[in-house]
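What follows is each chain in one-letter form.
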Amino acid sequence: MEFAIGWRIYPDEPPFSIFGVNINCLHFRICFLGSGLLVSAATVSTCSPSPSATAGTKAGSFCPDKITLRSDGTQPGILIIDHGVNVGGFPTFEVSLISGDTSVFEMTYSETRSLLDKYMGDGPSPLAASLDTYRVNRYNITQNTTYTNRLIQGGQRYQKLNLSTAGELTLNHVGVTSTISNTPVTDLPGSFQCSDDQLNQIWQVGARTIQQTEILAGTTPEFYQISDQGLFAESQAPQPYTSDTAPGLMQYQLDFSVKPMVSGFGYTVLSDTLASGIYIFVNLANSSISAHPGSAEKGSPSLSSAILNPVPALNQWHKVSTAVNMTQIAIRINDQSVLAFTQTSAFAGSFGLGASFGQAAYYQNVTLKTFAGQEIYNSSLTQKSVLDDFLAGTNPLSVSVDGARRDRIAYAGDLDIALGPTFASTFGSEYINGSINLLGAAQLIPGFFVPNSKIQQKSRTTIIQANQTGLIGYSFSLVTAMADYYLMTGDVEFANRWSPPIVKMLDWANSQRTPTGLFNISDPTMGGDWNYYDPAQSGAVAKFNNLYAYTLQQATPILEAAKINTQVYSDRLVALKTAINANLWNPTLQAYQLSNSVKDIVAQDANAFAVLASIPSGNFTTSTVLSTMSKELFVPAGALPFSNASVARGFTESISPYASGYHLRAAFAAQDATSAKYLLSTMWASMASPSNTNYTGCFWETLSITGGPGLGDTTSFCHAWGSAPTGELSRHVLGIQAISPGFSQWAIAPQTLGLNWATGAHPTPHGPLNVSWAFDAQGRLSMNVTSPKGTNGTVNLPSPMKTSNASVVVNGKVVSGSSFTVVGGQAFNLTQGSSNAKNGVGIVRASPLLVSLTSMFLLSSLA
């Protein structure tokens, strides 16, 4: 047996004996025995599988060896599987031998090694029904068979096996059956390679992040099990009943029947859409009932508790009644009052049914009424249609979500970042379109949108009868995502479908402008943003105004495709830019201030959008803005989302891949190579490095100011909004850009970043656009472009050139200038410095380096 890892024997570690043979434990406590791994009590072993392996017909990541776990009942037998990178899907294993007591066998999951030692791993994950709530699966092993978890564990690099009862298990094919694409990054439709291995790693990690957050339609299992016995919940966080009015419910009577099967049951009242409310924990094992803020009792303080007397029996039906009057909650079981309390943790919301870890229960005959007796909801809970009521079925659309493990929900802000990397790598247009269909259909009466959507939801056909939302910036981001989707695809039907909602959103935004000409947030509850942990902003906020301007700019092509007169929006854009410069530019900061009332803070995303919308004018320019951003925001681990003055106002010091994604886009747009290289070589290079302690093969949600996990144990280590470089490197270093929708017209305009060469492909609806450029030892350029038929484009010389003195030869002809028109399907070969051309007829002489690069690209495409 061979392992592709290093090890050494520690002489101070005593050997242990198996069948009279002394076995030495190696580094990581890897122990060899014959053709497999044997883990005895008090030892920890590690298996390193391949994330693209197969077990029979199953694709995924599996430990290649037979595993034997042995416990004496006091010291557990533990084996840790390190998949090397994040994997997601159904945990599975095959049992081939059982001996003794194997009633408590557990598998724990974590994206990082440090959290694997916690009993719950890096969980729970209660926010949605798209994956298993708890990051521990417990099994009572009774037979030799294959065990596969019913629900998905969305993202983990590490998987811990733990046999704690006095027995022995022999397992095969232990790992995770994948529910996402297993296509190697080198085989994706898009590609990128260059002379800097760090940039290659960054592009690939971004592409893999996109793969991990693309969920194919129908691949999410039904969360609850529904039968004629009712709704069965087993170690599952309650998912809220969903309707347009449910989030605003404050006074109601909830009644249901419950048959606890194991340990007890739990349910929520006053639950928000992300399953957090007041959790009622009925623990029959210790005869108690308690209330907790959130969606589970673990890690949550008790608001109130009581002893149950009598104790409801297992495997029998019981009636539960709960009166909710905002802060006052009273609970009755079998017509007996068991708990009444006052709380201030939640004030409005729905209800949900579930079970704490280790619990299982059936639910039937739920009714929700007003105190006046008006029915809000009722169900027997015996028909599968009830899954729609709790958004607990499968996902009807292919979608792009925010994170593999957390939250596994479609967010408009995340989508806007993920769109570019998606089209540059997987070309997963169906995933982007699916999320747009969910989010775009969730428009409210005024015109703005709901910022997120659970993926089990069907695309709405009616407007939401409400007039308040959160994360207002995400409504603008959804419009820019729609506009970019049209630019990438040229789908006129898509433009016709979404232009009316875009117009409604833009017209609402215009109605919120004050006499200063600025977009104004009058309700602070709408002024939250991606940084939910920081103070919400109100008034004339630079981020929202600059993003509004960028949205007006980007929306023009999609509106024009739908035959909408865009002059009014162009006029609004001009007026808005003037108002922003007059009111939000701060000459002392030499940047745009946070808002009209907060004048001492530089916001990263606000100023990036100012650059992208070409707002600076007069004696302050985009270069001025980017220079200030470098001075105020750059730290050794990356860039701060807000300048240091923000700390005194209650902002968290962190580093945001999301905000930095727009910063990177702005740097490239302004050809600020210094800023672009700094952002890439610090934060993104760190996350992309396999030597990083928390490496997952994906980009993260947030970083601390020193480059560690930014949100502690809850940090998502595979988050789509961190993937911006994959799109930007293809767009700006390869230089491949759509000029007209669907790449019918395109441009190649590489920014070299000091590189010696780059090569790759960008998918388009017409076929791939392939670009290779290289400088030889004398600084002379060789360049090759292969474009699809039915298109035309312009090829520009890379910037900066290493030498401008040599002649330029295109397809064997000496030419002048720096920009060349190309008809799609025709060869474009450019060399610099020598030619046999005469009278316009010549022989193309590509440099050996370019030939080598082209060959490498072709071989990679065929792999």
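Fair warning: this is a prediction, and the values are worked out from it, not measured in the lab.

Looking only at helices and strands, the protein has 15 helices and 45 strands in total. The principal-axis extent of the C-alpha atoms belonging to the protein is close to 100 × 80 × 50 Å. Across the protein, contacts joining residues at least 24 apart in sequence account for 69% of those joining residues at least 6 apart. Carbon and sulfur atoms provide 51% of the accessible area of the protein, an area that totals close to 31300 Å². Distance from the positive charge centre (44 side chains) to the negative charge centre (52 side chains) of the protein: 5 Å.

The next thing to look at is helix α10 (residues 604–612). The element α10 is extensively covered by neighbouring structure, given that nine of its nine residues are classed as buried. Along α10, the residues classified as buried are Gln604, Asp605, Ala606, Asn607, Ala608, Phe609, Ala610, Val611 and Leu612. On the buried face of α10, the contacting elements are α8 (542–561), β33 (591–592), α11 (622–633), β35 (638–639) and α12 (657–669). At the exit of α10 stands Ser614, carrying a positive phi of roughly 55 degrees.

Before going further, it helps to examine a nonpolar patch on the surface. Together, Met250, Met326 and Phe347 line one region of the surface with nonpolar side chains, adding up to about 260 Å² of accessible area. Mapped onto the fold, Met250 is located in the loop between β18 (230–240) and β19 (251–262).

On to the environment of Gly735. One can find Gly735 in the loop between α14 (724–733) and β36 (736–738). Given the relative accessible area of 0%, Gly735 is considered buried. When the C-alpha atoms of Gly735 and Asn86 are compared, they prove to be 30 Å apart, with 649 residues separating the residues in sequence. Filtering out sequence-adjacent residues up to four positions away, Gly735 remains in contact with Ser730, Ala747, Ile748, Ala749 and Pro750.

For the bond running from Arg406 to Asp407, omega is 10 degrees, close enough to zero to count as cis. Here Asp407 shows up in the loop between β29 (399–400) and β30 (410–411). A cis amide bond, omega -5 degrees, links Ser799 with the succeeding residue Pro800. With respect to the helices, strands and loops of the structure, Pro800 is situated in the loop between β41 (792–796) and β42 (808–810). A positive phi is found at Leu753, a non-glycine position, where the angle reads about 55 degrees. For Leu753, the position within the fold is in the loop between β37 (745–748) and β38 (757–762).

Consider a sheet: its strands pair through backbone hydrogen bonds, and that pairing is either parallel or antiparallel. Taken in spatial order, the four strands of this open sheet run β36-β37-β41-β44, and their pairing is mixed. Every interior strand has two partners, whereas the edge strands, β36 and β44 (819–823), have only one. The average undirected angle you get between the axes of adjacent strands in this sheet is 25 degrees.

Quick look at the state of the cysteines now. Per the stated rule, a full pass over the model turns up one disulfide. Note on cysteine connectivity: Cys698 is disulfide-linked to Cys718, with sulfurs 2.4 Å apart. Where Cys698 bonds to Cys718 through sulfur, the torsion about that S-S bond is close to -50 degrees, and the disulfide is left-handed. Remark: Cys718 occurs in the loop between α13 (673–688) and α14 and Cys698 occurs in the loop between α13 and α14; sequence separation between them is 20 residues. Comparing Cys698 with Cys718 shows no difference in burial state: the two are buried.

Below, the discussion takes up the packing of aromatic side chains. Going through the model one piece at a time under the given rule, you end up with 47 aromatic pairs. Here Trp530 and Trp721 contribute two aromatic rings whose centre-to-centre distance is 6.3 Å and whose plane-to-plane angle is 90 degrees, an arrangement assigned as edge-to-face. Residue Trp530 is found in the loop between α7 (492–511) and α8, and its partner Trp721 is found in the loop between α13 and α14; the two are separated by 191 residues along the sequence. In terms of burial, Trp530 and Trp721 fall into one category: buried. Where Trp585 meets Phe620, the ring centres are 4.0 Å apart and the plane angle is 5 degrees; that geometry is what we call stacked.

The next point concerns the sheet that holds β42. Read from one edge of the open sheet, seven strands run β15-β38-β39-β40-β45-β42-β43, paired in antiparallel fashion. With partners counted over all chains shown, the strands left at the sheet margins are β15 (191–194) and β43 (813–815), one partner each. When the angles between neighbouring strand axes are averaged without regard to direction, this sheet yields 15 degrees. Examined bridge by bridge, β42 and β43 share three bridges and lie antiparallel to one another. Residue pairing for β43: Val809 is matched across the bridge by Val814.

Moving on: the pairing of strand β26 (residues 336–342). The pairing of strand β25 (residues 328–333) with β26 spans six bridges and is classified as antiparallel. Residue pairing across strands places Arg332 opposite Ser337, the latter belonging to β26. Taking the residues between adjacent antiparallel strands as the criterion, β25 and β26 are bridged by two residues, where Asn334 takes a positive phi near 55 degrees.

Turning next to the side chain of His719. Within the secondary structure layout, His719 lies in the loop between α13 and α14. Here the side chain of His719 touches Arg406 through a polar contact of 3.5 Å, landing on its backbone oxygen. A distance of 2.8 Å separates a polar atom in the side chain of His719 from a polar atom in the side chain of Ser716. Discounting chain neighbours no more than four positions away, the residues touching His719 are Thr209, Asp402, Gly403, Arg406, Asp414, Phe699, Trp700 and Glu701.

Moving on, we get to the pairing of β18. Taken across its 11 residues, β18 has 10 buried, putting it largely inside the fold. Two strands pair when backbone bridges link them, and strand β17 (residues 225–227) and β18 are joined in this way by three bridges, in the antiparallel orientation. Of the residues in β18, the one forming a bridge with Ile226 is Leu231. Between β17 and β18, which pair antiparallel in sequence order, lie two residues. For β18 and strand β27 (residues 350–369), the ladder comprises seven bridges, and the chain directions are antiparallel. Directly across from Gln236, in β27, lies its bridge partner Ala355.

The end-to-end C-alpha distance of α7, which contains 20 residues, comes to 28 Å, matching closely the 28 Å that a straight helix rising 1.5 Å per residue would cover. The largest bend in α7 amounts to roughly 40 degrees and is located at Trp498, with the proline Pro500 lying one to four residues further along. Of the residues making up α7, those classed as buried are Phe494, Ala495, Trp498, Ser499, Pro501, Ile502, Val503, Met505, Leu506, Trp508 and Ala509. Residues of α7 that are buried make contact with α5 (429–440), α6 (472–489), α8 and α9 (567–583). Measuring from the backbone nitrogen of Glu493 back to the side-chain oxygen at the start of α7 gives 3.1 Å, which picks out Asp491 as the cap.

One can describe the packing of α5 onto α6 by two numbers: an axis separation of 11 Å at closest approach and a directional angle of 140 degrees. Relative to α6, the crossing made by α5 is left-handed. Within the contact between the two elements, α5 uses Ser429, Ile432, Asn433, Ile436, Leu439 and Gly440 and α6 uses Leu478, Ala481, Met482 and Tyr485. Class assignment for the residues of the contact of α5 with α6 results in seven nonpolar, three polar and no charged.

Here Ser435 shows up in helix α5. Using a relative accessible area of 0% as the deciding quantity, one classes Ser435 as buried. Spatially, the C-alpha atoms of Ser435 and Phe494 are 13 Å apart, while their sequence positions differ by 59 residues.

Basis of the calculations
Residues numbered from 1 in each chain as written. Predicted model: local features only at pLDDT ≥ 70, side-chain atom pairs only at ≥ 80, totals over all residues. Heavy atoms only, no water. Helix = DSSP H or I, 4+ residues; strand = E, 2+ residues; numbered from the N terminus. Contact = heavy atoms within 4.5 Å. Areas by Shrake-Rupley, 256 points an atom, 1.4 Å probe, with all protein chains shown as cover. Lys, Arg positive; Asp, Glu negative; His and termini not counted. Charge placed at Lys NZ, Arg CZ, Asp CG, Glu CD. Buried < 20%, exposed > 50% of the residue type's maximum accessible area, 1.4 Å probe, protein only. Patch = residues over 30% accessible without salt bridge, like charges linked within 9 Å, V, L, I, M, F, W, Y side chains within 5 Å. Salt bridge = Lys/Arg side-chain N within 4 Å of Asp/Glu carboxyl O. Pairing = 2+ DSSP bridges. Axes fitted to C-alpha atoms, helices over the stretch in contact; angles between N-to-C directions. Disulfide = S-S within 2.5 Å. Phe/Tyr/Trp six-rings, centres within 6.5 Å; stacked < 30°, edge-to-face > 60°. Polar contact = N/O pair within 3.5 Å; in protein donor to acceptor, adjacent residues only side chain to side chain. Expected span 1.5 Å × (residues − 1). Bend = angle between axes of the 7 residues up to and from the residue. Left-handed = near helix turned anticlockwise from the far one by under 90°. Nonpolar A, V, L, I, M, F, W, Y, C, P; charged D, E, K, R; others polar.

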